[in-house]
Amino acid sequence: MLIERLKQIVGPKGWQTDAEALEPHLTEWRGVHRGNALIAVFPASTQEVAAVVEACHEAGVAIVPQGGNTGMCAGAVPDASGSQVLLCLSRMNAVRSIDPADFSLVAEAGCILSDLQEAAREHRRFFPLSLGGEGSCQIGGNVSTNAGGINVIRYGTARDLVLGVEVVLADGTVWDGIRTLRKDTAGYDLKQLFIGSEGTLGIVTAVALKLFPDPGQATTAFLRIPTADRAVRLLAHLRRELEDGIQAFELIGATAYELVQEHIPDAVSPFDSPSDWYVLLDTAIGPSPEPLERALAQALEAGLLTDAVIAKSEAEAGRLWRLRHSIAEAERRIGKGLKHDISVPIGSMQAFIEAGAARLADTVPEATLVVFGHVGDGNLHYNVVLPDGPDDDERLARKETVSRLVYDLVREMNGSISAEHGVGLLKRGWLGDYKSATELELMRALKRALDPTNTLNPGKVI
Ligand code: FAD
Ligand code: 2HG
Ligand code: ZN
């Protein structure tokens, strides 16, 4: 019987069927979706993952891979049937090797992102992937969702940071694609198939990552700006003045900012009076804040900002970043808003914000807009919170209307309905409406080729 076989493969420490122990693995971060599982397995090695996958494949039972379960689109939770096997990577958390001279690191998929940042730092190297969930998300999950975060403007998304992957394929075969080569044009770049595929094409068991020279302590500034379009102009100005030394550049709308101050006890605004928009930025320009001060003074003169605070210490910078990184948590506390992690060309951002607000005010005047995001990447978190209420048919229809309105506008502006969180379960229904038939068929062909029996994370993405 499958359950007994799985227990044997992973040993006594490697499985759970107890309801209480399973609970945190069955609900996604916001509690919007809850599933059930036949069993959760916690393999300790690639060989164990391969044996688990082979056993499930032979038994015709589906597998849902789970990393830190911080994902925002219900990709890591099983369906409600109780017939799927949850495969958690948390015990595979070893750093296999760090090569400072090669600026690379090889780690198992279950390593927590902040632990990898620290491991790189110990060797005076920098691993730039950074996001609010970094204390609990795993590198396997980051790679499987092609995570973005705050440093994309300078270092790219997870995809840009991966040199190689080790993957267990749908029948249990292990593909050892761990390489630290910067150049390799021998055939298709297969690792790209698994990056961002949300566990539907293979289980990532290890990754080889790029490291960078340690840029040292960033200079952090928090700004009040009058309109969102100033953020785009300000970014262009700072990139020019600081020789592209901008490392992070985040836009925060007033509602998101107020939510944080209301719901996160230690998040305190550095400003005495409110603004419609704020920018939080990090620069990698060496220890002196002087070039940033000069560039900000010019921006003030040009009306691109109305006030600025530059952090005087690492602790102060940490407090400013806490304001930004707490937005998702603050929003979670007020309910289950409709999340739209969209992107549009940077030049269209202001038009998107204006048109979105106008259309939503017409259609759902009762909605609250929580807008923030990674401006430098053209990525906005355009979240719409409706007043509390039971999810009856009318409310569900209203939610659908809201998301369609947002996604239609995204399409009009040649954007994407998902810039960083992925599709998972929540956006699967939308993908068909916003991708071309050709793209969808290519995706299905890949899924059929790599997972013909639909063993890996069925019902997600496509
Ligand atoms: P999970 O949630 O466990 O899984 C995500 C998906 O990947 C699922 O489909 C799962 O099946 C699959 N998966 C997980 N591990 C593997 C594996 N080893 N092999 C194959 N498939 C796997 N995302 C951003 O991009 N940018 C942000 O700025 C950002 N900020 C966040 C802030 C907060 C506070 C939180 C809670 C989340 C944030 N996220 C952000 C969302 C999320 O995408 C990331 O947290 C992270 O990349 C998910 O990693 P995880 O280990 O938690 O994956
Ligand atoms: C962020 O940028 C995350 O903070 C979460 O991507 C976004 O909560 C959200 O909508
Ligand atoms: Zn984000």
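The structure under discussion appears in the preceding block.
1. Points about the nonpolar core
Counting 53 residues, the largest nonpolar core has Phe 249, Leu 251 and Phe 352 as the members making the most contacts within it. It is helix 15 (residues 393-412) that provides the largest number of residues to this core, a total of 6 residues. Setting aside residues up to four positions removed in sequence, Phe 352 forms contacts with Ile 342, Val 344, Leu 380, Tyr 382, Val 406, Leu 409, Val 410 and Met 413. Within the second largest apolar cluster, 28 residues are counted, among which are Cys 137, Val 167, Leu 209 and Leu 211.

2. Here we look at the pairing of strand 8 (residues 162-168)
The element strand 8 is largely enclosed, with a buried count of 7 among its 7 residues. Two strands pair when backbone bridges link them, and strand 8 and strand 10 (residues 203-210) are joined in this way by 6 bridges, in the antiparallel orientation. Note that in strand 10 the partner of Glu 166 across the bridge is Ala 206. The sheet contact formed by strand 8 and strand 9 (residues 174-177) spans 4 bridges and is antiparallel. The partner of Val 167 across the bridge, within strand 9, is Trp 175.

3. Comments concerning the site of ligand 1
Lining the immediate surroundings of ligand 1 are 35 residues, of which Pro 65, Gly 67, Gly 68, Thr 70 and Gly 71 lie closest. Residue Gly 71 places a main-chain N or O atom 2.7 Å away from an oxygen atom belonging to ligand 1. One of the side-chain nitrogen or oxygen atoms of Asn 457 is found 3.1 Å away from an oxygen atom of ligand 1. In the complex, 95% of the free accessible area of ligand 1, which totals 970 Å², lies under the protein chains. When contributions to the shell around ligand 1 are tallied by element, the ones reaching two or more residues are strand 3 (63-66), helix 5 (139-144) and strand 10. If one sorts the elements of the shell around ligand 1 by residue count, helix 5 sits on top with 4 residues. For the shell around ligand 1, the class distribution of residues is 11 nonpolar, 22 polar and 2 charged.

4. With respect to unusual backbone geometry
In this structure, Asn 146 is a non-glycine residue whose phi angle is positive, near 45°. Judged by relative accessible area, Asn 146 falls into the buried class, the value being 15%. At Glu 243, a position not held by glycine, the phi torsion is positive, near 50°. With respect to the helices and strands, the residue Glu 243 is situated in the loop between helix 9 (228-241) and strand 13 (246-253). A relative accessible area of 72% places Glu 243 in the exposed class.

5. A few points about the coordination of the zinc ion (ligand 3)
Around the zinc ion (ligand 3), the protein supplies His 374 (NE2), His 381 (NE2) and Glu 420 (OE) as donor atoms, at distances of 1.7 to 2.1 Å. Expressed as a motif, the donor residue spacing for the zinc ion (ligand 3) is H-x6-H-x38-E. Each member of the pair, His 374 as well as His 381, is classed as buried.

6. Describing the packing of aromatic side chains
Aromatic ring pairs are described here by two measures, namely the spacing of the ring centres and the angle between the planes. Under the criterion given, the structure shown has 12 aromatic pairs. Note on Tyr 155 and Phe 212: the rings are 4.8 Å apart at their centroids and 65° apart in plane angle, and the pair reads as edge-to-face. In this pair, Tyr 155 sits in helix 6 (residues 152-155) while Phe 212 sits in strand 11 (residues 212-213), placing the two residues 57 residues apart along the sequence. Under the relative-accessibility criterion, Tyr 155 is labelled buried at 12%. Taking 5.7 Å as the distance between ring centres and 15° as the angle between the ring planes, the aromatic pair formed by Phe 222 and Phe 271 counts as stacked. Separated by 49 residues along the polypeptide, Phe 222 in strand 12 (residues 219-225) and Phe 271 in the loop between helix 10 (254-263) and strand 14 (277-283) bring together distant segments of the chain. For Phe 271, a relative accessible area of 8% puts it in the buried group. Looking at Arg 125, its charged tip hangs above the ring of Phe 103, at a distance of 4.1 Å from the centre. Taking the ring centre of Phe 271 as reference, the NZ or CZ of Arg 224 above it sits at 5.9 Å.

7. Considerations on the pairing of strand 9
With burial as the criterion, only one face of strand 9 is covered, namely that bearing Trp 175 and Gly 177; the residues Val 174 and Asp 176 on the opposite face remain uncovered. Count of turn residues in the strand 8/strand 9 antiparallel hairpin: 5 residues, of which Gly 172 carries a positive phi of about 100°.

8. Brief notes about the pattern of salt bridges
Taken as a whole and judged by the stated rule, the model has 28 salt bridges. The closest approach of N and O atoms between Arg 230 and Asp 229, which form a salt bridge, is 4.0 Å. We classify Arg 230 as partly exposed; its relative accessible area is 23%. Judged by its relative accessible area of 24%, Asp 229 is partly exposed. Residues Asp 391 and Lys 399 are paired through a salt bridge, measuring 3.1 Å at the closest nitrogen-oxygen approach. According to the relative accessible area criterion, Asp 391 is partly exposed, its value standing at 43%. Look at Lys 399 and you get buried, because its relative accessible area is 15%. Ionic contacts of the salt-bridge type, sharing partners, join the residues Glu 329, Arg 332 and Arg 333 into one network.

Cut-offs applied
Residues numbered from 1 in each chain as written. Chains lettered and ligands numbered in written order. Predicted model: local features only at pLDDT ≥ 70, side-chain atom pairs only at ≥ 80, totals over all residues. Heavy atoms only, no water. Core = buried A, V, L, I, M, F, W, Y, C linked by side-chain atoms within 4.5 Å. Buried < 20%, exposed > 50% of the residue type's maximum accessible area, 1.4 Å probe, protein only. Helix = DSSP H or I, 4+ residues; strand = E, 2+ residues; numbered from the N terminus. Contact = heavy atoms within 4.5 Å. Pairing = 2+ DSSP bridges. Near = heavy atom within 4 Å. Polar contact = N/O pair within 3.5 Å; in protein donor to acceptor, adjacent residues only side chain to side chain. Areas by Shrake-Rupley, 256 points an atom, 1.4 Å probe, with all protein chains shown as cover. Nonpolar A, V, L, I, M, F, W, Y, C, P; charged D, E, K, R; others polar. Donors = N, O, S within 2.8 Å, 3.2 Å for Na, K, Ca; no water. Phe/Tyr/Trp six-rings, centres within 6.5 Å; stacked < 30°, edge-to-face > 60°. Lys NZ or Arg CZ within 6 Å of the ring centre and 35° of its normal. Salt bridge = Lys/Arg side-chain N within 4 Å of Asp/Glu carboxyl O.

Shape is all these values report; function is a separate question.
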